[in-house]
Amino acid sequence: MSEGKYKPKFPRIAQLKTLEQFREYLNKEGIPLPLPDEPLSGNQTPLSKGHRLRSGKLIGNSFCILPMEGWDGTLAGKPTEHTKRRWGNFARSGAKLLWGCEAVAVRHEGRANPNQLLLNEENLVDFKELYSLLIKEHKDAFGRTDDFFVGLQLTHSGRFSKPNSQDKMEPKILYPHPYLNKKFGLPEDYPVMTDKEIHDLVDDFVKAAILAQKAGFHFVDIKHCHGYLGHEFLSAIQRDGNYGESMENRSRFLKEVVSGIRSEAPGLEIGVRLSIFDWMPFQKSEDGLGVPAMTPPYSFAFGSDNSGTTINLLEPYDFLKVLQKLDIELVCTTAGSPYYNPHIQRPALFPPSDGYLPPEDPLHGVARQIEVTGKIKKAFSEFYVVGSAYSYLQEWLPMVAQEVLLRGMADSIGLGRMVLSYPELPADVLSGKGLNRQKLCRTFSDCTTAPRNGMISGCFPLDPYYKEMDIHEKLKKIKEA
Ligand SMILES: Cc1cc2nc3c(=O)[nH]c(=O)nc-3n(C[C@H](O)[C@H](O)[C@H](O)COP(=O)(O)O)c2cc1C
Ligand code: SF4
């Protein structure tokens, strides 16, 4: 979708110039976003507030960098200069919590693309270097690292695995999905992973966690979001055997991984990034807008009812009780999947090339995630809760973030796309310097369109490093088309 030709039917955030205009628009549209009367800065802002975890570890402020892949590792799963540059940016951002930096596969077959990072014995030295890079860059920029808390996101991409070629999906699925099997060309009788294969995969997660600890990382995230394997367990209600049907069984994978990590890597913290609600898949209608791809009843959306487009938190609450029992403190909320309902996952005015036009003002998508995260925080106050999907707020991000924290609707504000275009936003907000509007992410989605077309990801429109690359021209042509 070319930004030049496309006229969005919702106002751009930059058009809502004053706080009063923004507030009026939210009221008119019935968008429940928390907004303060005035911005706070320096020590006054709750964004500068630190937190000591139950383990005694310190997180120095309330900004978190969310994991974001760059599709730019080597075929062996090692970081490249692009990867190191991005991780360095994260370390210098000013955020004191790095939630995993990017999804890292625990075995080759579970890589989401042939260039996804892979954590194995051969690559341990590279992960040690990545960790040292984070610590050095943060120390050089801010003088201390005792309050800098850094994790690694461990994943198996399940249904969306593409380990060997950008053009060839090699899915590992837990149950046949009535729409996603067809959409990605899988016959109804495509084999599902056996309980034995899942059991073996648990060992690989534990091995990867041991390596993450050896490399220096403070925690690992056992990824349960975005339609990847961990998330698919949560909707495996029609699967037989030890890992399907009841919540007891659907959470068994996590319980086994956690038990392995606790015994083999004691002291390593564990977090869970969770699609706290999901909806049915959406598709492009004739006029380009996103519409539900199926007719209800739909029973495969964890955190929804049978309509497939309404939030129901009963099951997510049950899953969070499992986390409580496992003594997990770190929870990061997100929603849906970038593959089948991107508008609820990463609200954007300009969709990626394989997406659809937003069926609602993207501010609704932001407000939905903030509201649900607030409910989780209220119901489970002992979790340290990181929220997501703030980038679309642009100029209003710091003010909404401030109010979310003041109202106790989250403990930390997670930043995704915004730090691809404007890595030092947290530092600028915390120092009271104010925002550099030229660098604000305007949700052009090039960082998603590029990898969907076999290229590395990055902020092509705004980051000079990517803007000047030859492949930027190729990307522009794809968007024009
Ligand atoms: C290019 C790109 C790569 C991403 N990679 C990951 C990932 O590896 N793991 C993950 O949990 N989320 C990933 N996400 C989702 C983000 O962490 C985040 O949830 C999403 O972008 C919404 O937050 P935002 O509005 O601040 O961008 C990715 C998002 C983008 C744009
Ligand atoms: S390409 Fe840049 S401006 Fe566009 S969504 Fe990604 S980070 Fe934002």
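Residues numbered from 1 in each chain as written. Chains lettered and ligands numbered in written order. Predicted model: local features only at pLDDT ≥ 70, side-chain atom pairs only at ≥ 80, totals over all residues. Heavy atoms only, no water.

**Description of the overall build of the chain**
Going by this rule: By the criteria applied, helices consist of DSSP H or I runs no shorter than four residues and strands consist of E runs no shorter than two, each listed in order from the N terminus. Within these notes, the globule rule equals 2.2 Å times the number of residues to the 0.38 power, and the radius of gyration is based on C-alpha atoms. Residue contacts are defined here by distance: any two heavy atoms, one from each residue, within 4.5 Å place the two residues in contact. Shrake-Rupley sampling with a 1.4 Å probe provides the accessible areas, and residues are treated as covered by the protein chains on show and by no other component. Asp and Glu are treated as the negative residues and Lys and Arg as the positive ones, with His and the ends of the chain left uncounted. To locate a charge, take NZ of a lysine, CZ of an arginine, CG of an aspartate or CD of a glutamate.
A tally of regular secondary structure across the chain gives 17 helices and 13 strands. Whereas a compact globule of 481 residues would reach a radius of gyration of roughly 23 Å, the chain reaches 21 Å, a difference of no more than 12%. A principal-axis box enclosing the C-alpha atoms of the chain has dimensions of 60 × 55 × 50 Å. Residue pairs in contact within the chain that sit at least 24 positions apart in sequence constitute 71% of those at least 6 positions apart. Of the roughly 18400 Å² of accessible surface on the chain, 50% is carried by carbon and sulfur atoms. Distance between charge centroids for the chain: 3 Å, based on 59 positive and 60 negative side chains.

**Considering the state of the cysteines**
Going by this rule: The term disulfide is used for any two cysteine sulfur atoms that are within 2.5 Å. For each residue, the accessible area found with a 1.4 Å probe, counting protein chains only, is set against the maximum for its type, and the residue is called buried under 20%, exposed over 50%, and partly exposed in between.
The tally for this structure, following the rule as stated, stands at 0 disulfides. Summary of cysteine pairing: cysteine 101 is not part of a disulfide, and the nearest cysteine sulfur, belonging to cysteine 64, is at 9.5 Å. Among the residues examined, cysteine 101 registers a relative accessible area of 1% and is labelled buried. For cysteine 225, which is in no disulfide, the shortest distance to another cysteine sulfur is to cysteine 332 and amounts to 7.6 Å.

**With respect to the site of ligand 1**
Note the threshold: For this purpose, a residue is taken to be near a molecule or strand whenever a single non-hydrogen atom of the residue falls within 4 Å of it. Nitrogen and oxygen atoms within 3.5 Å of one another constitute a polar contact, given that in protein one can donate a hydrogen and the other can accept it, and given that sequence-neighbouring residues count only through two side-chain atoms. A cavity here means a set of points on a 1 Å grid, drawn over the protein atoms and nothing else, where a 1.4 Å probe fits but cannot get out; a pocket is an open set with protein on both sides within 12 Å along at least five of seven lines, and a residue lines either one if it has an atom within 4 Å of a point. If over half the atoms of a molecule are within 2 Å of the grid points of a cavity or pocket, the molecule is regarded as sitting in it. For this classification, Asp, Glu, Lys and Arg are treated as charged, while Ala, Val, Leu, Ile, Met, Phe, Trp, Tyr, Cys and Pro are nonpolar and the rest, including Gly, are polar.
Within the structure, ligand 1 sits among 21 residues, and Gln153, Arg273, Ser391, Gly416 and Arg417 are positioned closest to it. Measuring from an oxygen atom of ligand 1, one finds a backbone N or O atom of alanine 389 at 3.4 Å. Bound to the protein, ligand 1 loses 99% of the 610 Å² it would expose on its own. More than half of the atoms of ligand 1 fall within 2 Å of the grid points belonging to the largest cavity. Per-class residue counts for the shell around ligand 1 are 10 nonpolar, 6 polar and 5 charged.

**So, unusual backbone geometry**
The step from proline 296 to proline 297 runs through a cis peptide bond, and the omega angle for that step is 5 degrees. Phi at glutamine 394 is positive, roughly 50 degrees, even though this residue is not glycine.

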